[in-house]
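A structural walkthrough
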Amino acid sequence: MGSVISALVISRKQLGDFLLLQPAMEHLHSIEGCAIYCYTRSDYGALREIMPCRPKAYNQLTEEVFDRLYCFESGRSTSLLSGWIRSRRKTIGLTRPFLASWQRLVFDEVVERDASASYRGVVFHAMAGGDPTRFRPPALLAPPDTWLPRSLPERYLVIHPTSAWQRKTWDVSGWRKVIQELHRRTGLHLIITAGAAEWETAMADEIALGISLPILNFAGRTTLREYLAVLSRASVTLCIDGSASHLSAAFGRPTLTLFGPTNPVHWHWPTHTSRRLWAGDFASEQKPPVSAIPHLAVLDAALELLADASQAGDGHG
C-alpha cells in the first residue's frame, strides 16, 4: 500500500463491533500519521475519544477529499454514501460475498475474507492492509476521572448480563448465585450495568432485587462516558457476548464472557485477563443456549481469573 494521508472508515454497527475496527484504524494511522475519520453512530463520540489514534467524526458537509475510503458494511445505504463521498480510492471489505453488481461499481477494490474461523478484529485489520503477524487486539486509553459516576467504590465487580440480542443472555438465577458467592468470597462491591432497552433494564432489576446484598444498579442509567469509565476501573467484569466484553478486554481489565449460540472464535481474543466460557463445551447442540453453562463453572472461572489477575498485579488491591 502506498502513502496514505487521510482515510475514512465507514461502519454503523453496534458499539462492540465498532471497537473491533480499532486495530484496523490504528494500522492506517501508523502509515505516516494518516488522519483517521469515521462515519459511524453519532453517539459513539466518547469511544472515539479514548482510541489511541483519535479518529475524527466525519461531517457530511466537509469538502475533504480522502486518500482512502474503507467501508465495512455491505448495506445499500452505506454503499450509496461511499459513492457520494469523494475519495481517491474506495475499498469495501466483505466476510460474505453478497453484493449487488451496482454496489461493486462504487468501489475500486472489493476485499473478501473467509471469516468462518477468524476473530473479526483480525479480519478487519487484514482488510485494511494490515499484516496478520503484527495484529494487536483492541486497546483503549484510560478514561479521565471526570467521566466516573459519583460515589463509585474503589474495588468492585461489574455484572453486565445483556447485549443487543436477548437470545445471548444467561439465566437470572445463575447470575444471582454467582454474584452472592463472589461477594462472600471476595468482599467486592457489586455493580450491574445494562443497555437502556426495556427488557435489559427489567432483567438487571430482577437480578438486583433478587439478592440480599447492596448493589449499585446502573442499568440504563449511565451515559456512554460513565459506562466506559465504570468498565475501565472494574476489578473484574462478568458478561455475555456483547459490548461489555469487548470494552472491558480493551481496557485490559479481568473479563469473563459467557457465549452461547454465537461463535467465540469470531468475537473473543483470549488473553491472560480475557477469558470465556462457551455453552458448546457443556452441551451437544449445534448452537446451545447460554443457559447450558452451569453456575458453578462460572463461579470457578471467575475466582480463577481474579486470583491470576491479583497475582499478576492486574487487579485493584
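Residues numbered from 1 in each chain as written. Predicted model: local features only at pLDDT ≥ 70, side-chain atom pairs only at ≥ 80, totals over all residues. Heavy atoms only, no water.

Read across the open sheet, the six strands follow the order β9-β8-β7-β10-β11-β12; overall the sheet is parallel. Two strands close off the open sheet at either side, each with one partner strand: β9 (216-217) and β12 (274-278). This element, helix α9 (residues 224-233), spans β7 (156-160), β8 (189-192) and β10 (236-240) of the sheet and lies at about 125 degrees to β7. (Pairing = 2+ DSSP bridges. Helix = DSSP H or I, 4+ residues; strand = E, 2+ residues; numbered from the N terminus. Contact = heavy atoms within 4.5 Å. Axes fitted to C-alpha atoms, helices over the stretch in contact; angles between N-to-C directions.)

Most of helix α6 (residues 120-127) sits out of view: eight of its eight residues are buried. Among all positions in α6, only Arg120, Gly121, Val122, Val123, Phe124, His125, Ala126 and Met127 are buried. Against the buried residues of α6 lie α1 (15-19), α2 (22-29), β4 (68-71), β5 (90-94), β6 (109-112) and α11 (264-267). (Buried < 20%, exposed > 50% of the residue type's maximum accessible area, 1.4 Å probe, protein only.)

The geometry of helix α7 (residues 172-186) relative to helix α12 (residues 295-312) is characterised by a closest axis approach of 9 Å and an angle of 35 degrees between their N-to-C directions. Pair α7 / α12 crosses with right-handed handedness. Between α7 and α12, the residues in contact are Gly174, Lys177, Val178, Glu181, Leu182, Arg185 and Thr186 and His295, Val298, Leu299, Ala302, Leu303 and Leu306, respectively. A breakdown of the residues in the contact of α7 with α12 according to their chemical character gives seven nonpolar, three polar and three charged. (Left-handed = near helix turned anticlockwise from the far one by under 90°. Nonpolar A, V, L, I, M, F, W, Y, C, P; charged D, E, K, R; others polar.)

Before going further, it helps to spend a moment on the pairing of β8. Taken together, the four bridges between β7 and β8 define a ladder with parallel strand orientation. The partner of Tyr156 across the bridge, within β8, is His189. A crossover links β7 with its parallel partner β8, the connecting element being α7, and its sense is right-handed. (Right-handed = clockwise from strand over helix to strand, strands pointing away.)

This next bit is on unusual backbone geometry. The backbone of Arg54 shows a phi angle near 50 degrees, a positive value even though the residue is not glycine. Among the structural elements, Arg54 can be located in the loop between α3 (45-49) and β3 (56-57). The residue Ser151 is not glycine, and still its phi comes out positive at about 60 degrees. Position of Ser151 relative to the elements: it lies in the loop between α6 and β7.

The next thing to look at is the pairing of strand β1 (residues 6-10). β1 sits mainly inside the fold: five of its five residues count as buried. Here β1 shows no split at all, with Ser6, Leu8 and Ile10 on one side and Ala7 and Val9 on the other all buried. Pairing of β1 with strand β2 (residues 35-39), which is carried by five bridges, proceeds in the parallel orientation. In the sheet register, Ile10 faces β2, and the bridge partner there is Tyr39.

Here the focus is the side chain of Thr237. Along the chain, the position of Thr237 falls in strand β10. The residues touching Thr237, leaving out its near neighbours within four places in the chain, are Val158, Leu231, Ser248, Pro254, Thr255 and Leu256.

Take the pattern of salt bridges next. Opposite charge on two side chains permits pairing when their charged atoms draw close. The tally for this structure, following the rule as stated, stands at 10 salt bridges. Of the charged contacts, one joins Glu49 and Arg225 as a salt bridge, the two residues approaching to 3.0 Å between their closest N and O atoms. You can see Glu49 sitting in helix α3 and its partner Arg225 sitting in helix α9, a full 176 residues away along the chain. For Glu49, a relative accessible area of 36% puts it in the partly exposed group. Residue classification places Arg225 among the partly exposed residues on the basis of a relative accessible area of 38%. Arg275 is the salt-bridge partner of Asp308, the closest N and O atoms lying 2.9 Å from each other. Residue Asp308 is located in helix α12, and its partner Arg275 is located in strand β12; the two are separated by 33 residues in the primary sequence. (Salt bridge = Lys/Arg side-chain N within 4 Å of Asp/Glu carboxyl O.)

Exposure remark for Arg275: the relative accessible area of 22% places this residue in the partly exposed category. Along the sequence, Arg275 and Asp241 sit 34 residues apart, while their C-alpha atoms lie 11 Å from each other. Not counting residues up to four positions away in its chain, the partners in contact with Arg275 are Thr255, Leu256, Thr257, His268, Glu304, Leu305 and Asp308. Here the side chain of Arg275 touches His272 through a polar contact of 3.1 Å, landing on its backbone oxygen. (Polar contact = N/O pair within 3.5 Å; in protein donor to acceptor, adjacent residues only side chain to side chain.)

Position of Ala202 relative to the elements: it lies in helix α8 (residues 198-209). Among the residues examined, Ala202 registers a relative accessible area of 42% and is labelled partly exposed.

Phe18, Met25, Leu28, Leu47, Leu140, Leu228 and Leu247 are the most contacted members of the largest nonpolar core, which totals 50 residues. Ranked by residue count, the leading element in this core is α9, at five residues. If you look at the next biggest cluster of nonpolar residues, it comprises 36 residues, including Leu190, Ile192, Ala208 and Leu258. (Core = buried A, V, L, I, M, F, W, Y, C linked by side-chain atoms within 4.5 Å.)

Moving on, we get to the sheet that holds β2. Sheets are built from strands that pair by backbone hydrogen bonding, the pairs being arranged parallel or antiparallel. With respect to topology, six strands assemble into an open sheet ordered β3-β2-β1-β4-β5-β6, the strand pairing being parallel. Each edge of the open sheet is held by one strand with a lone partner, namely β3 and β6. Pairing analysis gives two bridges linking β2 to β3, with the strands arranged parallel. By the bridge assignment, Tyr37 is partnered in β3 with Lys56.

Coordinates in, geometry out; function isn't part of it.
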